[in-house]
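# Examination of the molecular architecture
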Amino acid sequence: MQHKPVALLAGAAVLSALVLSAPVSAQQRDPAYAAARAAGQVGEKTDGFLGYPVPPSAEIRKLAEDINIKRRDVYAQKAAAQKATIDDYGFTSGCQLILATVPGEKYQAPDGSWRTRTGEPPLRDNKCP
């Protein structure tokens, strides 16, 4: 997948204020989501969606799928406004969401492996803004 620099830079500028504030703040209010994230049952993927570092239960899968549907809707709206693709916007969102993880949370490294965030910055794709 080719990532447009304009979409990445434009997306990065709006992500902190728009994408991150809406879906993440809503997700953090959900105790089930917070517990799944803290337990390493869900993590941030490089494409901007939640993934499963370990095989999920039906409840965790439903929770993550619901959040991913909401994220996709936000990405579609923002991508259209930025004249970018959903994939490009999702990638930029993934960069920011991975950066926003805290120690102990899971995230997907550029090679596709799952990592646990430490006190060090997370490994991110070199195309991340």
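These notes cover the structure that comes with them.

Across the interface, helix α3 (residues 58-82) lies against helix α4 (residues 86-99) with an axial gap of 8 Å and an inter-helix angle of 115°. Considering how the two elements wind past one another, α3 and α4 form a crossing that is right-handed. Each of Arg-71, Arg-72, Tyr-75, Ala-76, Lys-78, Ala-79 and Gln-82 in α3 lies in contact with α4, whose residues at this interface are Ile-86, Tyr-89, Gly-90, Ser-93 and Leu-97. Of the residues contributing to the contact of α3 with α4, the split by class is 6 nonpolar, 3 polar and 3 charged.

Take the sheet that holds strand β4 (residues 114-116) next. Strands sit in the order β2-β1-β3-β4 across an open sheet of 4 strands; the sheet is mixed. The two strands at the open ends of the sheet, each matched to only one other strand, are β2 (50-51) and β4. Judged from the 2 bridges that link them, strand β1 (residues 43-44) and β2 form a sheet pairing that is antiparallel. What sits directly across from Glu-44, in β2, is Leu-50.

The rules behind the values
Residues numbered from 1 in each chain as written. Predicted model: local features only at pLDDT ≥ 70, side-chain atom pairs only at ≥ 80, totals over all residues. Heavy atoms only, no water. Axes fitted to C-alpha atoms, helices over the stretch in contact; angles between N-to-C directions. Helix = DSSP H or I, 4+ residues; strand = E, 2+ residues; numbered from the N terminus. Left-handed = near helix turned anticlockwise from the far one by under 90°. Contact = heavy atoms within 4.5 Å. Nonpolar A, V, L, I, M, F, W, Y, C, P; charged D, E, K, R; others polar. Pairing = 2+ DSSP bridges.

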